[in-house]
Structure formats: C-alpha cells, structure tokens
Amino acid sequence: MKATAIAHPNVALAKYWGKRDAPGNVPATPSVSVVMGGLETRTAVCFDASLERDVLALNGVEASGEPHARVVALLDEVRARSGVRARARVVTTNDFPTASGLASSASGFAALARAATAAAGLALDDAATSRLARRGSASAARSVLPGFVALGTEDDPAAEPVAPADHWPLAIVVAAVTLGPKDTSSTSGMSHCRATSPYYRAWVDDAPALAAEVRAAILARDLERLGDAAEASALRMHACMIASRPPLLYWTGATLELLARVRGLRAAGVGAWATIDAGPHVKVICRASDASTVAERLAPLAARTIVAHVGGGARVIEEAP
Ligand code: PMV
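Heads up: these notes are all about the structure in this document. (Residues numbered from 1 in each chain as written. Predicted model: local features only at pLDDT ≥ 70, side-chain atom pairs only at ≥ 80, totals over all residues. Heavy atoms only, no water.)

## So, the state of the cysteines
Argument step 1. For the structure shown, the criterion picks out 0 disulfides.
Argument step 2. Among the cysteines around Cys240, which has no disulfide bond, Cys193 carries the closest sulfur, lying 3.3 Å off.
Argument step 3. Residue Cys240 is classed as buried on the basis of its relative accessible area, which comes to 1%. (Disulfide = S-S within 2.5 Å. Buried < 20%, exposed > 50% of the residue type's maximum accessible area, 1.4 Å probe, protein only.)

## Some remarks on the nonpolar core
Argument step 1. Ranked by size, the top nonpolar core spans 41 residues in total, and within it Trp17, Val173, Trp203, Val284, Val294 and Leu298 carry the most contacts.
Argument step 2. Of all elements in the fold, only β10 (170-176), α5 (186-196), α6 (200-219), α7 (223-242), α8 (253-267), β11 (272-275), β12 (282-287) and α9 (291-298) reach the threshold of two or more residues within this core.
Argument step 3. Sorting elements by how many residues they give to this core places α8 first, with 5 residues.
Argument step 4. Setting aside anything within four residues of it in sequence, one finds Val294 in contact with Val173, Leu265, Val270, Ala272, Val284 and Cys286. (Core = buried A, V, L, I, M, F, W, Y, C linked by side-chain atoms within 4.5 Å. Helix = DSSP H or I, 4+ residues; strand = E, 2+ residues; numbered from the N terminus. Contact = heavy atoms within 4.5 Å.)

## Digging into the pairing of strand β8 (residues 148-151)
Argument step 1. Alternating residues of β8 divide into Phe148 and Ala150 and Val149 and Leu151, and every residue in both groups is buried.
Argument step 2. With 4 bridges connecting them, strand β3 (residues 31-37) and β8 associate as antiparallel partners. The residue bridging Val34 from the neighbouring strand is Phe148, located in β8.
Argument step 3. Pairing of β8 with strand β9 (residues 160-163) involves 3 bridges; the strand directions are antiparallel. From the neighbouring strand, Ala150 faces β9, where its bridge partner is Glu160. (Pairing = 2+ DSSP bridges.)

## Brief notes about the sheet that holds strand β5 (residues 55-58)
Argument step 1. Taking strand neighbours across the sheet as the criterion, the 6 strands line up as β6-β5-β7-β4-β1-β14 in an open arrangement whose pairing is mixed. A strand with exactly one partner marks an edge of an open sheet, and here the two such strands are β6 (61-62) and β14 (315-320).
Argument step 2. Across 5 bridges, the pairing between strand β1 (residues 2-7) and β14 is antiparallel. Within the sheet, the bridge partner assigned to Thr4 lies in β14 and is Glu318.
Argument step 3. Those strands touched by helix α1 (residues 65-82) are β4 (41-48), β5 and β7 (87-94), and its axis lies near 125° from that of β7.
Argument step 4. Contacts between helix α2 (residues 104-119) and the sheet are confined to β1, β4, β7 and β14, with β4 contributing the most and set at about 35° to the helix. (Axes fitted to C-alpha atoms, helices over the stretch in contact; angles between N-to-C directions.)

## Here's the deal with α2
Argument step 1. Relative to the 22 Å expected for 16 residues at 1.5 Å per residue, α2 spans 22 Å between its end C-alpha atoms, a close match to the ideal helical length.
Argument step 2. Of all 16 residues in α2, 15 are buried; the element is thus mostly enclosed. (Expected span 1.5 Å × (residues − 1).)

## Some thoughts on the packing of α8 against α9
Argument step 1. Relative to each other, α8 and α9 sit at 140°, their axes nearing to 10 Å. Classed by the angle they form, the pair α8 and α9 counts as oblique. Where α8 crosses over α9, the two elements pack in a sense that is right-handed. Touching Leu258, Arg261, Val262 and Leu265 of α8 are Val294, Arg297 and Leu298, all from α9.
Argument step 2. Residue composition of the contact of α8 with α9, by class: 5 nonpolar, no polar and 2 charged. (Parallel < 35°, antiparallel > 145°, perpendicular 65-115°, else oblique. Left-handed = near helix turned anticlockwise from the far one by under 90°. Nonpolar A, V, L, I, M, F, W, Y, C, P; charged D, E, K, R; others polar.)

## Observations concerning α7
Argument step 1. Across its 20 residues, α7 extends 28 Å between first and last C-alpha, which sits within 8% of the 28 Å expected from 1.5 Å per residue.
Argument step 2. Residues of α7 that are buried include every one of Leu223, Leu226, Gly227, Ala229, Ala230, Glu231, Ser233, Ala234, Met237, His238, Cys240 and Met241, and no others.

## Here's the deal with the side chain of Asp290
Argument step 1. Tracing the sequence through the fold places Asp290 in the loop between β12 and α9.
Argument step 2. As a buried residue without a salt bridge, Asp290 has its nearest oppositely charged side chain in Arg287, at a separation of 4.1 Å.
Argument step 3. Discounting residues that sit within four places of it in the chain, Asp290 has contacts with Val270 and Gly271. (Lys, Arg positive; Asp, Glu negative; His and termini not counted. Salt bridge = Lys/Arg side-chain N within 4 Å of Asp/Glu carboxyl O.)

## Quick look at the packing of aromatic side chains
We describe a pair of aromatic rings using the distance from one ring centre to the other and the angle between the two ring planes.
Argument step 1. Applying the stated criterion across every chain yields a total of 1 aromatic pair.
Argument step 2. Note on Phe148 and Trp168: the rings are 6.4 Å apart at their centroids and 35° apart in plane angle, and the pair reads as tilted. Taken as a pair, Phe148 in strand β8 and Trp168 in the loop between β9 and β10 lie far apart in primary sequence, 20 residues in all.
Argument step 3. Since its relative accessible area comes to 0%, Phe148 is described here as buried.
Argument step 4. Residue classification places Trp168 among the buried residues on the basis of a relative accessible area of 8%. (Phe/Tyr/Trp six-rings, centres within 6.5 Å; stacked < 30°, edge-to-face > 60°.)

## Quick notes on the pattern of salt bridges
Argument step 1. Evaluated as defined, the whole model comprises 18 salt bridges.
Argument step 2. We note a salt bridge from Asp54 to Arg87, for which the minimum N-O separation is 4.0 Å. Of this pair, Asp54 sits in the loop between β4 and β5 while Arg87 sits in strand β7, placing them 33 residues apart in sequence.
Argument step 3. Looking at Asp54, the relative accessible area reads 3%, which means it is buried.
Argument step 4. Of the charged contacts, one joins Arg236 and Asp206 as a salt bridge, the two residues approaching to 2.9 Å between their closest N and O atoms. Residue Arg236 is found in helix α7, and its partner Asp206 is found in helix α6; the two are separated by 30 residues along the sequence.
Argument step 5. Shared partners join several salt bridges into a network, and the residues in it are Asp54, Asp76, Arg79 and Arg87.

This is the structure:
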C-alpha cells in the first residue's frame, strides 16, 4: 500500500496553451516536449485506513486548497479503479523551485500517478498512466514518458513517444529569474487568454504546423530547425497571452535580457535557442557540449541556472505491501 516514484519536469518545444471544451484537461493545441533530467520530483504515496482524509505534504509543508484538491481528485480516480478505499498520505519534494513556471506540476502529477497506482496495486500501462496524470495537469501527461514526447488534442489523449532519451544528447539550460511562486496559474491564464485575447483563435490554428515542424526537426536531429520552431512557438504563445485584457504578461526585464543574450550567443556561433513557459524563466536548448558556455553567459542575468539533460520517464523506485 506504499510506493515512491520519481519524475522529471518537461519543457514543451511546441507549446500547449488553451483547453478544449472536453472533460479532463484536453489541450486545444498539440505539443511536443523534452524531459528535463537533472530536475526531480520524488513522491511517496501510502494508503492508510487510519486516515480520515487525504494528506499532502509539499516540500515539508502541509498543503490545502487548490493543490490539495487536485491531488485528491487523482487519488479518487485511483480508488475508483482499484477498489482501495483508504485515504492516502502523499509526501512530495522537488529539488527545484515549486509552482514558479518551472513545470513542477508536470513532474508532480506524473510522479503521483505512478506512485498512487503502484501503491494501490493497479497495473496501468504508460498510456493509461499518462491519461491519469493529465487530469492533474495536461503537461504532466508528457512527463510520464522518457525523452522526446508528444501530446495531441483528441478526446482523452495520452502522451506518445517521439524519440527515446538517447536519440539526441541535447541540454536544456534553465535560467531561473525569480525563485518565488508565479502570479497567475497556467489554468487560469489559459482560460483568461481564450476569453479575452483576439489572437487566441490564430494561435490555436497556427500551433499544429509548428508542432509538426518541431517533431520533424527532432527526428532529423536538426538543431537549427528545432530551435527556430521552438522559439516561434514560445513567442507566438506569449504574443497571444500579452494581447489578453487585462494583459497576461509573465515576463520581467530579466526575461528580455536573457532573450537578447541568447541571440548574442547565436551571433557568436553558439547554437542556442530560447523557450519560455507561463513564468519569467528562460530555458535554452543547445548541444550538450555547449551547455557550460551557455550557462556561464546566462548566469549573471539569472537568480539560478540549472543544466538539464534529456531525461527518463516517471518511474517507481520503491514499493512496499
Ligand atoms: O500543464 P499545464 O496545464 O499547467 O500547462 C502548461 C502550459 C505551458 O507550460 C505554458 C506549455 C506546455 O505545453 O507545457
């Protein structure tokens, strides 16, 4: 009745932003991501008949409200499918800043889906685990699988492999701008953007072509094409956000300075391209052999830099009856 799993966040090279009117967090745009090995969430789930309610400890602090409710919803689904009735104690820790736009919900719900199903004795394949994780956070569906991963927009989608982790030794240099939590969650940002941005429709119509380009560039190991399409996807998503009313502007001055520094690196012959999620941080894709040069150049503009490599999927590391 107890299991521990680890999972890594992922970064979308073709972004998902916006949800369809379908149940269970179905993206409005297809996405393609890479798992960020080197950043880790570790989640232990223990079903315990003596508990009166599910308890969540997040980085050593007992959580309530929205994060707790989302965890309970996933546990309820596991209980409904497994027949386990006991409440659970969930202990989860991140070795990187939480809820700040560094995709802690992706690794969090992927690790939770693996650990909770294992603890309940429920044998789910990768696709079913990915669908379960998606209910917590759509990007979490992608952190269940290793390497380069795609998530579609069909009803009840599961993440699908694009290429394994050893397909291409890329690095992702994370330049974290601030270490605190972000102001607007991606869920509320997406619905605000959909309701008020005149560019939302254009974003949704344009995104599939960029996702196809990102996928083709990964398969061809063409970094220039990948970087160019990934930057376009991130900047078009942010253009759509910024055009919301009131505007949804996740960037700070440091974000813009980092973008300029990445262009400067390219001008100096270093293959480096930026992407930005629902936060001010900049993540830079480059060859693993260029990662230390890129990290050194970005470090003076960032609160913290972390070099991630292409990582594995969510996996159970400990199980007990
Ligand atoms: O996983 P969610 O539903 O919180 O949304 C993630 C949205 C982005 O990180 C901005 C893009 C993506 O595809 O991961």
